[in-house]
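Residues per chain are reported as follows:
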Amino acid sequence: YGLSNYEKTGKKVGIIRRFSDEMVGSAGENLFSGVVALNRIREIFGDSGGFVEGKDGEYVELPPYDRVVKYGERWFLGRYDEESGKDIRAKEPFAYGFALNTELRYKSANWEDIGFILFDEFITRNGYLKNEADTLLSMISTIVRDSNGIPVVLCGNVLNRYNPYFEAFDIKEAKDIGKGEVYLFETWDTYIGSNSPVYSRKLVYYSDKNV
């Protein structure tokens, strides 16, 4: 979804993880491995890589984007250059990484080019950060400057239906949702550090397959 939205609108993806080391090394490099393996990059961005002016003034056709290249806490569309034998990344990233345990360091930056947020593995058996749900909401408010808001998706395996997020977001009926069912509800929530209730609409989908 994030890649399709980026192709259509130019709006980038914000990827949130709990700890910064979850985006380091192979963990970060393999984040989009499933998307690449399913050939989604070629499906979304097409089979033409465009043209670039070569050294002799003639235009050379570039190979299409078919992979993802990670650099720092950013992800780029990539293509393989046969001449150099290396992966060549696009000029701009399509995704930025954010870690909840280092939330404050993102405050001074501008993230208005982000149009979709994904928090992966939000349910864990290894313990949560203190006031983690509020930290997530604080991070989202740092990223989102659009008054209309942007889609925010939390993905995770249902290791435990009793977790800080279902409690904070008042998803009391989570235990009653069956596989394949979708549940949409509306609430007024008050979070730590704020006296004003916030209206929110939430959709819970308990997937019955690996999508």
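Conventions and cut-offs
Residues numbered from 1 in each chain as written. Predicted model: local features only at pLDDT ≥ 70, side-chain atom pairs only at ≥ 80, totals over all residues. Heavy atoms only, no water. Helix = DSSP H or I, 4+ residues; strand = E, 2+ residues; numbered from the N terminus. Buried < 20%, exposed > 50% of the residue type's maximum accessible area, 1.4 Å probe, protein only. Contact = heavy atoms within 4.5 Å. Lys, Arg positive; Asp, Glu negative; His and termini not counted. Charge placed at Lys NZ, Arg CZ, Asp CG, Glu CD. Salt bridge = Lys/Arg side-chain N within 4 Å of Asp/Glu carboxyl O. Core = buried A, V, L, I, M, F, W, Y, C linked by side-chain atoms within 4.5 Å. Phe/Tyr/Trp six-rings, centres within 6.5 Å; stacked < 30°, edge-to-face > 60°. Lys NZ or Arg CZ within 6 Å of the ring centre and 35° of its normal. Expected span 1.5 Å × (residues − 1).

Colleague: How would you summarise the overall build of the chain if you had to cite specific residues and measurements?
Modeller: Scanning the chain for helices and strands turns up six helices and 11 strands. Each principal axis of the C-alpha atoms in the chain carries an extent, and together these give about 65 × 40 × 30 Å. Of all 211 residues assigned to the chain, the portion counted as buried reaches 34%. Of the contacts formed within the chain by residues at least 6 apart in sequence, a portion of 57% connects residues at least 24 apart. In the chain, 27 side chains carry a positive charge and 33 a negative one; their mean positions are 3 Å apart.

Colleague: I'd like a rundown of the environment of Phe 185, residues and numbers included.
Modeller: In this structure, Phe 185 sits in strand β10 (residues 182-189). A relative accessible area of 8% places Phe 185 in the buried class. Between the alpha carbons of Phe 185 and Cys 155 there is a distance of 18 Å; along the sequence they are 30 residues apart. Filtering out sequence-adjacent residues up to four positions away, Phe 185 remains in contact with Phe 169, Asp 170, Ile 171, Ser 200, Arg 201, Lys 202 and Val 204.

Colleague: Run through the pattern of salt bridges, naming residues and quoting values.
Modeller: Taken as a whole and judged by the stated rule, the model has 10 salt bridges. Note that Glu 132 is salt-bridged to Arg 18, the shortest N-O span being 2.8 Å. Highlighted residues: Glu 132 in helix α5 (residues 132-143) and Arg 18 in the loop between β1 (12-17) and α2 (26-29), separated in sequence by 114 residues. A salt bridge links Glu 103 to Lys 107, with the nearest nitrogen and oxygen atoms 3.2 Å apart.

Colleague: Any chance you could break down the nonpolar core for me, citing the residues and the numbers?
Modeller: Among soluble globular proteins, nonpolar side chains are generally buried collectively. Counting 42 residues, the largest nonpolar core has Phe 94 and Phe 98 as the members making the most contacts within it. The element that contributes the greatest number of residues to this core is α5, accounting for five residues. If we ignore the near neighbours within four places in the chain, the residues touching Phe 98 are Gly 14, Ile 15, Ile 16, Arg 17, Met 23, Tyr 106, Trp 111, Ile 114, Met 139 and Ile 143.

Colleague: Help me get a handle on the packing of aromatic side chains, residues and values and all.
Modeller: Counted according to the given criterion, the structure contains 13 aromatic pairs. Judged by centre distance (5.2 Å) and plane angle (75°), the ring pair of Phe 32 and Phe 94 falls under edge-to-face. One end of the pair, Phe 32, is in the loop between α2 and α3 (33-37); the other, Phe 94, is in the loop between β6 (86-89) and β7 (95-99), and 62 residues separate them in sequence. The burial state of Phe 32 is the same as that of Phe 94; both residues are buried. Following the ring pairs from residue to residue traces out a cluster consisting of Tyr 6, Phe 32, Phe 45, Trp 75 and Phe 94. Positioned above the aromatic ring of Phe 76 is the side chain of Arg 89, whose terminal nitrogen or guanidinium carbon lies 5.0 Å from the ring centre.

Colleague: Could you give an account of the environment of Glu 112, with specific residues and numbers?
Modeller: With respect to the helices, strands and loops of the structure, Glu 112 is situated in the loop between β7 and β8 (114-120). Look at Glu 112 and you get exposed, because its relative accessible area is 53%. Each C-alpha atom, one on Glu 112 and one on Phe 45, is 23 Å from the other, the two residues being 67 residues apart in sequence.

Colleague: So, α5: which residues are in play, and what are the values?
Modeller: For α5, with 12 residues, the first-to-last C-alpha span of 17 Å sits near the 16 Å given by 1.5 Å per residue. Along α5, nine of the 12 residues are buried, which leaves the element largely enclosed by surrounding structure. All buried positions along α5 are accounted for by Glu 132, Ala 133, Asp 134, Thr 135, Leu 136, Met 139, Ile 140, Thr 142 and Ile 143. Looking at the buried side of α5, the elements it contacts are β1, β7, β8, β9 (152-155) and α6 (164-168).

Keep in mind these values describe shape, not function.
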